[in-house]
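Residue-level listing of the chains:
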Amino acid sequence: MACLHDHSCEDHDCSTDWSLYKHIDLSKVSALNEARPGSVKSVFKAWEERLNSSGEHLESNEGDPELLVFIPFTSDVKIKSISIIGGADGTSPSKMRAFINRDGIDFSDAQSMQAIQEWELAENTQGVLEYQTRYSKFQSVGNITLHFPDNFGADTSKIHYIGLKGEATQLKRDVVATIVYEVMPNPSDHKTRAESGGVSHVE
Amino acid sequence: MVLEATMICIDNSEWMRNGDYSPSRFQAQADAVNLICGAKTQSNPENTVGVLTMAGKGVRVLVTPTSDLGKILACMHGLEIGGDMNLAAGIQVAQLALKHRQNKKQQQRIIVFAGSPVKHEKKVLEMIGRKLKKNSVALDIVNFGEEDEGKTEKLEALLAAVNNNDTSHIVHVPAGPNALSDVLISTPIFTGDGEGGSGFAAAAAAAAAGGVSGFEFGVDPNLDPELALALRVSMEEERARQEAAAKKAAEEASKQEKGGEQQASSQDATMTERASASASEAETKTSDMMDDENALLQQALAMSMDDPAINQEAKDTDMSEAASDDPELALALQMSVSDSSKDSSSQSDMSKLLADQSFVSSILASLPGVDTNDPSVKDLMASMQNQSEQKDDDKKPPSEEEKK
């Protein structure tokens with residue numbers, strides 16, 4: 001389990017760094033072109049389980065290696081780096097493009113839009129590679145969309161693990177407070193300062 | 001209750017003038033579209049539906065996905081028939097319209113009415129299908145109208161390319177007496193993968209199909225509860241009566257060989273009557289039960305005096321049959337059996353006692369409301385001397401009557 005840091009891993013536990021998966025809103029995670037609906041949720045797990053391929057993994061449809069993964073967070077996060085573990089035999093994705101804070105991106109949008117950052121990926125079945133982000137652009141991320149346009153030559157693309165490293169800020173992006181909708185105006189709900197006993201001058 | 005945005009693609013080509021679907025193919029299609037819009041908006045108020053036409057001058061979006069049913073119905077008016085259907089372009093424009101829906105949380109669905117021949121190649125349709133599947137758009141195809149060679153095959157291939165986990169469906173509607181909308185109501189296009197519009201579908205089926213309804217007795221309990229209740233009660237009474245008659249016939253047939261068991265069968269009939277009466281809980285039967293009890297009592301006493309051994313067996317079998325569905329009745333019958341057994345054993349003693357007139361008169365005198373000088377009582381005493389067998393019968397019912 002070699003890490004790319006300058007120190008050796010016996011001193012600390014890498015898993016605490018890769019703990020952003022706890023802040024992912026798993027119920028709203030979605031993917032396009034996945035072969036089994038809902039299988040995308042299985043790629044977000046703890047660092048220790050990243051090599052555990054016994055469970056489900058994300059696979060694209062036959063003959064089409066493109067994948068699009070939408071990841072919303074429960075609060076704003078700062079993402080420092082991303083790690084991807086793909087499948088063997090060329091099913092690993094070869095490119096990754098990221099979009100920040102955009103809802104409802106589909107393939108035609110992803111292909112035409114300018115990504116906030118793009119990476120060339122290497123085949124990384126042991127999970128030792130991490131891809132750093134331009135940190136200044138990933139400061140308050142409410143959701144991130146990852147687009148994998150191509151792989152290393154196989155019919156389908158497989159992803160076993162997506163890891164995110166960074167910190168959570170405990171802030172929510174656009175929280176809608178409980179709004180009371182009035183069908184008819186009710187004067188008692190709107191007390192003016194004059195009624196409540198304040199003093200106002202008109203000059 | 002799945003949140004969905006739907007685009008309906010209408011075929012308004014020249015082939016829709018044909019009258020093999022009543023009143024015309026186009027009108028049948030319009031009715032089906034109206035029903036679908038109603039079903040979708042009813043299953044979830046946030047659902048949106050849009051409509052576009054595939055033929056005419058070209059593919060034209062009549063209304064973008066909206067939840068306003070009035071707008072959708074209004075745009076169906078004044079549609080012109082003409083031109084040629086362009087299935088591929090229609091589906092692609094529908095996909096574009098869905099992509100720009102306001103609420104991105106809605107699932108995307110396209111419903112296509114394919115009434116005229118399909119002029120595209122199978123490969124083109126499969127490619128369109130794969131693109132829909134990739135963007136997780138579901139597709140429902142209604143294959144009606146022209147039965148072109150290869151049309152069914154092409155549409156099935158399109159469905160196979162789109163289908164992801166059975167979210168897409170195809171329905172083939174041949175021309176016939178049933179209206180297009182009636183056939184569609186029972187399909188997954190309406191029922192929405194097993195949930196959602198089924199309530200609407202049931203109501204629509206009841207309204208549209210007229211006499212054929214899914215309700216018991218052909219009467220909707222919501223519309224006319226009293227009529228439905230009366231029908232149900234009369235049905236149950238008839239069933240109970242028929243059961244009793246059948247049982248009586250069966251009992252009589254089986255008891256013929258035993259000989260002289262008329263009382264047993266009639267007693268059984270009364271017992272079954274009692275059982276069924278208690279089961280149906282009808283008020284009119286309570287008075288019947290009183291009479292039955294008296295008759296039952298007489299029968300039991302008569303039997304106990306005739307021949308204790310045989311009658312007891314018959315009684316046991318009859319009672320076990322009749323009491324199988326009423327445990328309280330079984331308990332009561334068991335007690336009466338044990339009583340009558342005691343009675344029969346001590347019958348000889350009792351008869352001797354009762355033969356003693358002085359003893360009887362003293363008993364009668366102790367009874368409240370009985371005047372020993374009453375002529376009817378005197379007659380009774382006299383008759384008791386003569387009829388030793390039926391003395392209990394005569395004594396008890398008159399004494400009951402006098403007590404009353």
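Per an unreviewed UniProt entry, the recorded name for chain B is 26S proteasome regulatory subunit RPN10, and the organism is Stylosanthes scabra.

By the naming in an unreviewed UniProt entry, chain A is PITH domain-containing protein, taken from Stylosanthes scabra. Quoted verbatim from the Sequence similarities (unreviewed entry) field of the UniProt record, the comment on chain A reads "Belongs to the PITHD1 family."

Looking at this model, I keep getting lost on the overall build of chain B. Mind explaining?
Helices and strands together make up the secondary structure of chain B, namely 17 helices and six strands. Evaluated residue by residue, chain B yields a buried proportion of 40% over its 404 residues. Expressed as a percentage of contacts within chain B between residues at least 6 apart in sequence, the contacts between residues at least 24 apart total 72%. Accessible area of chain B: about 21500 Å², with a carbon and sulfur share of 53%.

Can you help me understand the overall build of chain A in this one?
From N to C terminus, chain A includes one helix and eight strands. Traced from its N-terminal end to its C-terminal end, chain A shows the element sequence β-β-β-β-α-β-β-β-β. Burial analysis of chain A (203 residues in total) assigns 45% to the buried set. In chain A, the proportion of contacts linking residues at least 24 apart, taken out of those at least 6 apart, comes to 80%.

For this particular structure, what's the right way to read the interface of chain A and chain B?
Often the size quoted for an interface is simply the accessible area lost on bringing the parts together. On the side of chain B, eight residues touch chain A, which itself brings 12 residues to the contact. For the chain A and chain B pair, buried surface summed over both sides reaches about 840 Å², with 47% attributable to carbon and sulfur atoms. For Asp106(A), the salt bridge goes to Lys99(B), with nearest N and O atoms at 3.5 Å. At the surface where chain A touches chain B, the tally comes to five residue pairs in polar contact (both at pLDDT 80 or more). Broken down by element, the side of chain A that touches chain B gets its largest block of residues, three residues, from helix α1 (residues 107-112) of chain A. Its residues assigned to classes, the side of chain A that touches chain B shows four nonpolar, four polar and four charged.

What should I look at first to understand the environment of His147(A) in this one?
Residue and element names in this part refer to chain A. Following the sequence through the fold, His147 ends up in strand β7 (residues 141-148). Among the residues examined, His147 registers a relative accessible area of 1% and is labelled buried. Setting aside chain neighbours within four positions, we find His147 in contact with Glu66, Leu67, Leu68, Lys95, Met96, Arg97, Phe99, Phe107, Ala110 and Gln111. A polar side-chain atom of His147 sits 2.9 Å from a polar atom in the side chain of Glu66.

What is the right way to read helix α1 (residues 25-43) of chain B from this model?
Because each turn of an α-helix spans 3.6 residues, side chains separated by three or four positions end up pointing in the same direction. For α1(B), which comprises 19 residues, the first-to-last C-alpha distance of 27 Å matches the rise-based estimate of 27 Å (1.5 Å per residue) to within 8%. In terms of burial, α1(B) is largely enclosed, as 14 of its 19 residues are buried.

Explanation requested: the pattern of salt bridges in the structure shown.
Per the stated rule, a full pass over the model turns up 17 salt bridges over all chains. We note a salt bridge from Lys134(B) to Asp64(A), for which the minimum N-O separation is 3.1 Å. Here Lys134(B), found in helix α4 (residues 122-134), pairs with Asp64(A), found in the loop between β2 (58-59) and β3 (67-86), and the two come from separate chains. Here Lys134(B) and Asp64(A) have matching classes, each one buried. Its salt-bridge partner being Asp20(B), residue Arg25(B) comes within 2.8 Å of it at the nearest N-O pair. Since its relative accessible area comes to 2%, Arg25(B) is described here as buried. What you see here is one network of salt bridges that share partners, running through Glu4(B), Lys40(B), Arg109(B) and Asp140(B).

Got a minute to help me understand unusual backbone geometry in this structure?
Note on backbone geometry: most residues besides glycine have negative phi, and most peptide bonds are trans. Residues and elements named next belong to chain B. For the peptide bond that leads from Ser22 to Pro23, omega is -10°, which places it in the cis range. Summarising the element assignment, Pro23 is placed in the loop between β1 (4-10) and α1. Positive phi values are uncommon outside glycine, yet Asn165 reaches one of about 65°. Among the secondary structure elements, Asn165 is positioned in the loop between α5 (151-162) and β6 (169-172). You can call Asn165 exposed: its relative accessible area is 60%. Positive phi values are uncommon outside glycine, yet Asp166 reaches one of about 65°. Along the chain, Asp166 falls in the loop between α5 and β6.

Honestly, the sheet that holds strand β2 (residues 48-53) of chain B in this entry has me stumped. Any pointers?
Strand pairing in a sheet relies on backbone hydrogen bonds, with the paired strands running either antiparallel or parallel. Residues and elements named next belong to chain B. With mixed pairing, the six strands of this open sheet are ordered in space as β3-β2-β1-β4-β5-β6. At either margin of the open sheet sits one strand with a lone partner, and together these are β3 (60-66) and β6. When the angles between neighbouring strand axes are averaged without regard to direction, this sheet yields 10°. Each of β1, β2 and β4 (107-114) is contacted by α1, which is oriented at about 175° to β1, the strand it contacts most.

About the criteria used
- Residues numbered from 1 in each chain as written.
- Chains lettered and ligands numbered in written order.
- Predicted model: local features only at pLDDT ≥ 70, side-chain atom pairs only at ≥ 80, totals over all residues.
- Heavy atoms only, no water.
- UniProt positions renumbered as here; feature names shortened; annotations may be inferred.
- Helix = DSSP H or I, 4+ residues; strand = E, 2+ residues; numbered from the N terminus.
- Buried < 20%, exposed > 50% of the residue type's maximum accessible area, 1.4 Å probe, protein only.
- Contact = heavy atoms within 4.5 Å.
- Areas by Shrake-Rupley, 256 points an atom, 1.4 Å probe, with all protein chains shown as cover.
- Buried area = accessible area lost by both parts, 1.4 Å probe.
- Salt bridge = Lys/Arg side-chain N within 4 Å of Asp/Glu carboxyl O.
- Polar contact = N/O pair within 3.5 Å; in protein donor to acceptor, adjacent residues only side chain to side chain.
- Nonpolar A, V, L, I, M, F, W, Y, C, P; charged D, E, K, R; others polar.
- Expected span 1.5 Å × (residues − 1).
- Pairing = 2+ DSSP bridges.
- Axes fitted to C-alpha atoms, helices over the stretch in contact; angles between N-to-C directions.

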